[in-house]
Structures are given as C-alpha cells and as structure tokens.
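# Working through the structure, step by step
Listed below are the residues making up each chain.
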Amino acid sequence: MNIFSGLEKFGLKSAESVQLFEDNKKSNQQHAHQQDDNQQTKPAEQEIPPEKDFILEKTVRCKVCDQVFKTKVVKNGRVKRLEPDRDLRPRFQYIDTLKYDITSCPFCGYTAMNRYFDMISSGQIKLIREQIASQFQPKSQSEEESYSYDTAVDRYKLSLLNTVVKRGRDSEKAFTCLKLSWLLRGKVETMSESTAEEKQVKQVCEQEQEEFYQQAFEGFQKAIAGEMFPMCGMEQCTVDYLLACMAFHFKKYEIASKFLQSVLTSVSASRRMKDMALELKDDIIAELRK
Ligand SMILES: [Zn+2]
C-alpha cells in the first residue's frame, strides 16, 4: 500500500517513492517538538450540534510562500472531553478534533501540525519550496464548513510528506502516523456496512488504519533510540505506554511488557497511567495463558 495515496490530486506524484523512515541510524537534525491534543467524535442519535459550532477560522501567514490564508481550529472552551481510548486516542463529544490539528497552506502546500507550522528553519523552507511548492497544485474545493474525514486524511498525509521533505524528526513522523491512524479509526466508527460495497470500503479504511499504526509503532521505536524527551510534547512514560499499547495490538507481548515495566517503575508516571499500565499487563498475561 502506498501510504501517500490520495496526494496525486495535489500534483505530488513523487510522493509514491518517498521512504518514510530512513534505515540507517542517521541522527535527524533540527526541529520542533510536538505536543498532542487530539480527539474523536462519538455520533449520537439526536440533537447533534453541527461540527461547525465548535470551530472557528484563524488567519495564518505561510512561512514558506508568505501568503495569508484561513484555517479552521477547534474552540477549546466549547468541546467536552470524553474518556480516551486505551491507547490515549483523545475523544470529544460531537467532534473529532483530530481533524483540526493540521495547518495546510492552500497556495504552496506547506503543511504541518498546528503548533509546529511556524517552527521551520530557512533550510527547511528551501526544501519545501523545492520539493513541495514547486509541484503543488491547489485543489479547488468547495468551502467546507467543517472538515470531512477525507479532507482531514489528505491534510495529514500532506503533513507527513512535508515532514519527510523537511527532514523532520522520526518522532514527528511517527506521531503524525499515530494521529492519522487514530483519525482513520474515527472515520471507521462513522462508516456503515449495510451493503457488501460499504463493507469493502470500510475494510480498506481499516487496513489503512493498521498500516499507519504499524508505521507509528516502528517510528516511535526509532525515535526513542535517537531522540531526547520530551518527544512531541510527551514525557518518556507516555511514549513508553503508547509503545506498550501498540506492541500489544501487534501481539508483540515481550516488547509490550518491556515498555510497561518502564512505565510502572517511572517516577514521573501518574497514578492513573500506572493503573492503565497494570490493566494492560493483566491483559498481556491473559493472552499469554491462552
Ligand atoms: Zn504557503
């Protein structure tokens, strides 16, 4: 599967041959840490306020092409946080705020997670100009009041490609993959499967979700080998816990146990995180006994 599929419409055909993580342990230079704030929608049955009620437009100046454009952001005060998924995928009532974590310049294609959009060096600007902006074809789209999942997925993929092009850190790539996978999980939750065709479309989406989860799993393991904490705004215990969850998902129980041990012995892990780690540990033991 080409993980950048869908970006051809932006004129970025070369994305097909892009390698996400380099094999060698080259230390990756520069740049920003990230933080996370993400989330998910739970469709309710009645009186669902429209997503547009929870977002507002923000004006941004692009560091790469200097044009000014509007982007949608979540009104933080208005959204109600729900219990996250076990792997910390954030969830909010009525809105999947993950969709709004990316800023994308409609003129040149420069795209990044919101809080890192302005954190770009002159060397990186040059790389983006040469490899993204020069080919980028703005996609004419009807002005959406809120982002559909498909629009959001495109924005994440563009962001991921930009991160590769600007030689961003492994952690930034891994975190983008993780959020993309979470976003696809949110999309899957909204998909119906009443016909064979719908079932198939849903299955493809699930496969893509798995693919990005796998990339995130590999990427974070690379990142912890070569980067310092905090990583993408996360402390070591959080990243270790995430890795344990992903390892559990892929049935790599030994790796999962190793990361859980690190969470359980961490002095900075919260009581709550340790409880979650203990629960996961119980589930691993149960799996191993099967
Ligand atoms: Zn731009």
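Residues numbered from 1 in each chain as written. Predicted model: local features only at pLDDT ≥ 70, side-chain atom pairs only at ≥ 80, totals over all residues. Heavy atoms only, no water.

The zinc ion binds to the protein through Cys-62 (SG), Cys-65 (SG), Cys-105 (SG) and Cys-108 (SG), with metal-donor distances spanning 2.3 Å. Taken together, the four donor atoms coordinating the zinc ion and their angles of 105 to 116 degrees define a geometry best described as tetrahedral. With a relative accessible area of 2%, Cys-62 lands in the buried category. (Donors = N, O, S within 2.8 Å, 3.2 Å for Na, K, Ca; no water. Tetrahedral: all angles 85-135°; square planar, octahedral: opposite > 155°, others 65-115°. Buried < 20%, exposed > 50% of the residue type's maximum accessible area, 1.4 Å probe, protein only.)

Moving on, we get to the domain arrangement of the protein chain. Partitioning the protein chain into domains gives domain 1 (32-234) and domain 2 (235-290). The straight-line distance from the C-alpha centre of domain 1 to that of domain 2 is 26 Å. Counting residues at the interface gives 19 residues for domain 1, matched by 22 residues for domain 2. Contact with domain 2 buries area across many residues of domain 1, yet Arg-86, Phe-217 and Met-234 alone supply 39% of it, more than any other trio. Linking domain 1 with domain 2 are two salt bridges. The partner of Arg-272 in a salt bridge is Glu-83, and the shortest N-O contact between them spans 2.9 Å. Counting across the domain 1 and domain 2 interface gives four residue pairs in polar contact (both at pLDDT 80 or more). Among the secondary structure elements, those contributing two or more residues to the side of domain 1 that touches domain 2 are helix H3 (170-190) and helix H4 (196-226). Among the elements that line the side of domain 1 that touches domain 2, the one with the most residues is H4, at eight residues. When its residues are assigned to classes, the side of domain 1 that touches domain 2 shows twelve nonpolar, three polar and four charged. (Domains from an automatic or database assignment. Contact = heavy atoms within 4.5 Å. Buried area = accessible area lost by both parts, 1.4 Å probe. Salt bridge = Lys/Arg side-chain N within 4 Å of Asp/Glu carboxyl O. Polar contact = N/O pair within 3.5 Å; in protein donor to acceptor, adjacent residues only side chain to side chain. Helix = DSSP H or I, 4+ residues; strand = E, 2+ residues; numbered from the N terminus. Nonpolar A, V, L, I, M, F, W, Y, C, P; charged D, E, K, R; others polar.)

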